[in-house]
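One-letter residues, chain by chain:
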Amino acid sequence: MIKLNNISKKYGGSSKFAVAPVNLTIDDGKIIGFIGPNGAGKSTTLNMISGILSPSEGDILINNHSIIHDALEAKMEMSYVQDNPDVFLKLTGYEYLNFIGNAYKVEPSLLKERIATLSKEYLMDDKLNQLIDSYSHGMRQKIVVIGALIHDPKVLLLDEPLTGLDPQASRILKDSMRDHANKGNTVLFSTHVLEVAEKLCDEIIIINQGQIVYQGSLEDLKAKYQEGISLEDIFLTIISANV
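Overview of the structure. Bear in mind that the values here come from a model prediction, so they are computed numbers and not experimental data.

What counts, and at which threshold
Residue numbers restart at each chain and count upward from 1, following the sequence in its written direction. Totals for whole chains, interfaces and linings use all residues, but because this is a predicted model, local features are given only for residues with pLDDT of at least 70 and pairs of side-chain atoms are given and counted only at 80 or more. To obtain the side-chain values, all non-hydrogen atoms of the structure were used and water was disregarded. Going along the chain from the N terminus, every DSSP run of H or I of four or more residues is numbered as a helix, and every run of E of two or more is numbered as a strand. Put simply, the radius of gyration uses C-alpha atoms, and a globule should come to 2.2 Å times the residue count raised to 0.38. For every residue, the accessible area obtained with a 1.4 Å probe (protein chains only) is divided by the maximum for its type, and the residue is called buried under 20%, exposed over 50%, and partly exposed between those limits. Contacts were defined at the residue level, with two residues in contact if any of their heavy atoms lie within 4.5 Å. For the accessible areas, the method is Shrake-Rupley and the probe is 1.4 Å, while residue cover comes only from the protein chains on display. Charge counting treats Lys and Arg as positive and Asp and Glu as negative, with His and both chain ends excluded. Here the site of a charge means NZ on Lys, CZ on Arg, CG on Asp, or CD on Glu. Any carboxyl oxygen of Asp or Glu within 4 Å of a side-chain nitrogen of Lys or Arg constitutes a salt bridge here. Any Phe, Tyr or Trp ring, taking Trp's six-membered ring, that has another such ring centre within 6.5 Å forms a pair; planes under 30 degrees apart are called stacked, those over 60 apart edge-to-face, and the others tilted. Look at NZ for Lys and CZ for Arg. If either is within 6 Å of the ring centre and within 35 degrees of the ring normal, a charge sits over the ring. Strands are labelled as partners when DSSP assigns at least two bridges between them. Comment: axis = line fitted to C-alpha atoms, over the contacting stretch for helices; angle = value between 0 and 180 degrees taken between N-to-C directions. What qualifies as a polar contact is a pair of N or O atoms within 3.5 Å, subject to a donor-acceptor requirement within protein and to the restriction that residues adjacent in sequence count only when both atoms come from side chains.

## Regarding the overall build of the chain
Turning to step 1, where the next piece is worked out: Looking only at helices and strands, the chain features nine helices and ten strands.
Turning to step 2, where the next piece is worked out: What you see for the chain is a C-alpha radius of gyration of 18 Å, in line with the 18 Å of a compact globule of 243 residues.
Turning to step 3, where the next piece is worked out: Principal-axis analysis of the C-alpha atoms places the extent of the chain at approximately 50 × 45 × 30 Å.
Turning to step 4, where the next piece is worked out: For the chain, buried positions account for 48% of its 243 residues.
Turning to step 5, where the next piece is worked out: Across the chain, contacts joining residues at least 24 apart in sequence account for 67% of those joining residues at least 6 apart.
Turning to step 6, where the next piece is worked out: Accessible surface, the chain as shown: approximately 11600 Å² in total, 49% of it carbon and sulfur.
Turning to step 7, where the next piece is worked out: For the chain, the centre of its 23 positive side-chain charges and the centre of its 31 negative side-chain charges are spaced 2 Å apart.

## Here we look at the pattern of salt bridges
Turning to step 1, where the next piece is worked out: Using the criterion set out here, one finds eight salt bridges in the structure.
Turning to step 2, where the next piece is worked out: In this structure, K90 engages D133 in a salt bridge whose closest nitrogen and oxygen atoms are separated by 3.0 Å. Separated by 43 residues along the polypeptide, K90 in the loop between β6 (78–81) and α3 (93–103) and D133 in the loop between α4 (108–121) and α5 (137–149) bring together distant segments of the chain.
Turning to step 3, where the next piece is worked out: The class for K90 is exposed, based on a relative accessible area of 63%.

## Looking at the packing of aromatic side chains
Turning to step 1, where the next piece is worked out: Taken as a whole and judged by the stated rule, the model has two aromatic pairs.
Turning to step 2, where the next piece is worked out: Ring geometry for F88 against Y96: centres 5.8 Å apart, planes inclined by 45°, an arrangement best described as tilted.
Turning to step 3, where the next piece is worked out: Taking relative accessible area as the criterion, F88 reaches 42% and is therefore assigned partly exposed.
Turning to step 4, where the next piece is worked out: Using a relative accessible area of 6% as the deciding quantity, one classes Y96 as buried.
Turning to step 5, where the next piece is worked out: Relative to F99, the ring of F88 has its centre 5.2 Å away and its plane inclined at 50°; by these criteria the two rings are tilted. Remark: F99 occurs in helix α3 and F88 occurs in the loop between β6 and α3; sequence separation between them is eleven residues.
Turning to step 6, where the next piece is worked out: An aromatic cluster of at least three residues, connected via ring pairs, comprises F88, Y96 and F99.
Turning to step 7, where the next piece is worked out: Residue placement shows K10 over the ring face of F17; its charged tip is 4.5 Å from the ring centre.

## What to know about the sheet that holds strand β4 (residues 57–62)
Turning to step 1, where the next piece is worked out: One open sheet accounts for four strands, arranged β2-β1-β4-β5; its pairing is antiparallel. Across the chains shown, the open sheet's two edge strands, defined by having one partner strand only, are β2 (19–26) and β5 (65–66).
Turning to step 2, where the next piece is worked out: Inspection of the sheet shows strand β1 (residues 2–9) paired to β4 by five bridges, in the antiparallel sense. Across the sheet, S8 pairs through a bridge with E57, a residue of β4.
Turning to step 3, where the next piece is worked out: Running at roughly 120° to β1, helix α1 (residues 42–50) makes contact with β1, β2 and β4 of the sheet.

## Considerations on the environment of S79
Turning to step 1, where the next piece is worked out: Locating S79 in the fold gives a position in strand β6.
Turning to step 2, where the next piece is worked out: For the pair S79 and I150, spaced 71 residues apart in sequence, the C-alpha to C-alpha distance is 9.2 Å.
Turning to step 3, where the next piece is worked out: S79 has contacts with Y104, A148, H151, P153, V155, L156 and L157, leaving out every residue within four places of it along the chain.
Turning to step 4, where the next piece is worked out: Within the structure, the side chain of S79 is placed 3.4 Å from the side chain of H151, a separation counted as a polar contact.

Function-wise, these values are silent; they only describe arrangement.
Structural data, given as structure tokens:
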């Protein structure tokens with residue numbers, strides 16, 4: 001579970017909110033799509049939830065652990081895949097996965113098993129001895145996703161995770177997200193691909209100009225509009241109304 005208690009973000013001495021005060025509860029067992037136009041505050045919000053950025057006010061709870069006051073315990077409950085997979089380029093894939101597993105205190109034999117299983121699932125098992133620097137963008141994205149899953153986190157955060165993935169890898173990741181949610185975990189991901197959100201998500205959150213303008217199921221959202229209207233048309237209508 002993720003709970004945002006009146007969190008907001010301002011940068012520097014600006015009086016303008018990058019993210020206006022937000023109160024949200026994101027329950028377990030669901031895939032939540034986080035959508036909004038460029039600059040709406042999606043990445044800022046995800047960075048605050050993950051603890052990379054500190055909110056200007058408020059608090060965030062990850063399974064009842066405060067990301068501000070109980071940061072280590074909160075971070076042990078989650079993984080975060082950022083929108084840039086260019087990390088630890090001078091490590092091999094295997095070294096990177098071992099580093100992440102050790103950081104999350106995964107027992108050595110279980111870590112070895114998970115590396116073998118996930119790397120095979122993501123078609124990376126024959127690439128683990130290569131430097132990440134030699135990987136394509138899609139391969140880097142896959143190794144980061146494997147690292148995020150290596151300790152079986154209760155909360156999985158992903159920022160544009162499908163960017164750069166080929167159709168096969170994209171399908172594998174979407175299946176992983178669904179399996180993860182079906183186990184009772186929380187999956188929150190941002191995307192610009194509304195068709196993916198429409199097909200994959202149990203609920204969506206729409207943010208515009210730093211403000212949450214909708215949270216709920218697609219069915220409830222569509223019920224407010226004419227029958228047969230697409231999520232894309234609904235999204236554009238909402239964004240236009242909140243300019």
